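Observations on the model geometry
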Amino acid sequence: MKKEFKTIDYEWLIRPTGDPFADVGGYVIKYLMEKHPEKDILGLIEYMAKIYVNKWEGKINPYFLNSAITQPAYKGEVKIKETIKYFSSLINETGNYVEGYCRITGQNTKLFKAGRDNSLMSGSGTFVNFHHNFQFGIMLSKEMIIRMFFIPFGSVYIGGRIAIIQSNQADVTDFFVTKNCEANLANLATVSSEGVLKSEYGIPSNALFHFVDNILVNKIKEATYEFKNLSLTLYHFTNFGASPEIVIYKLPSTVFWFYSYCQSPKLKSDWQLFLSSHYTNSKFKGAKFNIATSNYDITKKEDTEHIGIENYKLWRNVILENLLNGKSLLKSFVKWGITHKFNFTIIEIYLKHVQNMRQETLNKIKELALFLTNTDEDAIKKSIKALDGYKNAYELRRFFLKNIVAKNYKDGTKETIITMEELVYYLFPDDVSWRDIRDILLFAIYQELHAKNIHVEDELLGIEIEETSINEN
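A short tour of the structure in this document, coming up. Note that the structure is a prediction, hence the values are computed from the model and not measured. (Residues numbered from 1 in each chain as written. Predicted model: local features only at pLDDT ≥ 70, side-chain atom pairs only at ≥ 80, totals over all residues. Heavy atoms only, no water.)

1. Considerations on the pairing of strand β5 (residues 161–167)
Most of β5 is tucked away, with six of its seven residues classed as buried. The pairing of strand β4 (residues 156–158) with β5 spans three bridges and is antiparallel. Within the sheet, the bridge partner assigned to Val156 lies in β5 and is Ala163. (Buried < 20%, exposed > 50% of the residue type's maximum accessible area, 1.4 Å probe, protein only. Helix = DSSP H or I, 4+ residues; strand = E, 2+ residues; numbered from the N terminus. Pairing = 2+ DSSP bridges.)

Next up, the structure:
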């Protein structure tokens, strides 16, 4: 039966706090408590210290600067003994402390100094200006400092830097940490554990969306998740030496839901083909995506090298990066739609849920595309050329009035195709760029041409679509 220390609040060792670092450490503790119910918290600390020292050779420098484990003056078992000694002083409250409110939990309790030796991305020593009143470090409860010690076991390296993932839904963060703990224990069982887990993905955007794929594959939505409200944050950082740095990548709930919706049976094939065709690698500049084989082909003299998904999935992908960085996908959708039949539902869902476009605007654009393609091929080509050449909102308005409204009136059609209200509120709303309206119309026209099996000359396939950010009007 494990001994429980009366000075430790065991609930605060594992409950969610909202702090990304403390939560990862807490979920590791929770996982290890379930695996080793016979161990108390000091036993788990010793268990982890032995892994860090004996299995990983103390290679946790990017986490803790000059801790008992990363301190060069300590060797072998001394690292473990000094670690146990330090945490015993916290648990037994024999170390220096002050009374106050913990910076993470907000509880009024005994507080201990947390610097770069026992916490992440904080200040200490010459960096005391990081803290209120120039304190020696962040003042935390002993439970929070203990949680920090377990973070390496629940995190991964991405491209040589540490990465952790936090979600607004606690079970998703738990899922990320649990997968890492399981992988670590599996490696330890086969004597192949040499340090912190290394993601096969060296690019943060790829790694984050790979985690999203894991969520979808494991059907986590069948538990407590609502994809329309689920967001993720990836913290990519190093606490190493004199150059601590952190980059934060946020995946909003709108983007998460859009990406997950694209995995539905009716959309997945179109989406995956579109996504796969946008990988690039500077080492393979001549690589071209082969739709028939889903490989990238590189022709060298008379030989052709085929690169499969197991390799090119590690390359940069502009679609994933733009989704993660809040840049519009519209340019890519339109360019792809010129030469490929593409399910309009994908762009419709994207524009509605990521760019907050009105359904009425999309409905009107699809109606106009149908109107502009219900004519002879010469007239269709003239419309495409005209739309592609416009440089301001005035020219686009003139196009609608001259090529659509006037033609609609001349044809004697009783039903008005564009009303004044539709022109103002749906085709030129204040919150949508006129370029976006033009580009979506071009996309819709080309999709109508694909459906009708009408092909335009090659010179019309090189249209230039200006790239805008999601928030640009």
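That shown, we press on.
2. A word on the environment of Ile91
Inspection of the secondary structure puts Ile91 in helix α4 (residues 77–91). Separated by 85 residues in the primary sequence, Ile91 and Lys6 place their C-alpha atoms 9.0 Å from one another. Excluding anything up to four places from it in sequence, Ile91 contacts Phe5, Thr7, Ile8, Ile41, Leu42, Lys142 and Ile146. (Contact = heavy atoms within 4.5 Å.)

3. Some remarks on the sheet that holds strand β2 (residues 108–114)
Strand order in the open sheet formed by three strands is β1-β2-β3, and the pairing between neighbours is antiparallel. The two strands at the open ends of the sheet, each matched to only one other strand, are β1 (98–101) and β3 (138–140). Adjacent strand axes in the sheet meet at a mean angle of 60°, parallel and antiparallel pairs treated alike. Looking at chain direction, β1 and β2 are connected through four bridges and run antiparallel. When the bridges of β2 are listed, Glu99 appears paired with Lys110. (Axes fitted to C-alpha atoms, helices over the stretch in contact; angles between N-to-C directions.)

4. What about the side chain of Glu321?
Summarising the element assignment, Glu321 is placed in helix α11 (residues 318–325). Residue classification places Glu321 among the buried positions, given a relative accessible area of 13%. Leaving out residues up to four positions away in the same chain, Glu321 has contacts with Ile203, Ser205 and Arg316.

5. Remarks on the pattern of salt bridges
The full count for this structure, using the stated rule, is 17 salt bridges. Measuring nitrogen to oxygen at the nearest pair gives 3.5 Å for the salt bridge that ties Glu57 to Lys59. Taking relative accessible area as the criterion, Glu57 reaches 60% and is therefore assigned exposed. Given the relative accessible area of 42%, Lys59 is considered partly exposed. Residue Glu245 pairs with Arg161 through a salt bridge whose shortest N-O separation is 2.8 Å. Within this pair, whereas Glu245 is found in strand β8 (residues 245–251), its partner Arg161 is found in strand β5, the two being separated by 84 residues in sequence. (Salt bridge = Lys/Arg side-chain N within 4 Å of Asp/Glu carboxyl O.)

6. Remarks on helix α16 (residues 393–410)
Here α16 contains 18 residues, and its C-alpha end-to-end distance of 24 Å stays within 8% of the 26 Å for a straight helix at 1.5 Å per residue. Buried within α16 we find Ala393, Leu396, Phe399, Phe400, Ile404 and Asn408. In this structure, the buried residues of α16 make contact with α14 (359–373), α15 (377–389), α17 (420–427) and α18 (434–451). N-capping of α16 is provided by Asn392, with a side-chain oxygen placed 3.2 Å from the backbone N of Tyr394. (Expected span 1.5 Å × (residues − 1). Polar contact = N/O pair within 3.5 Å; in protein donor to acceptor, adjacent residues only side chain to side chain.)

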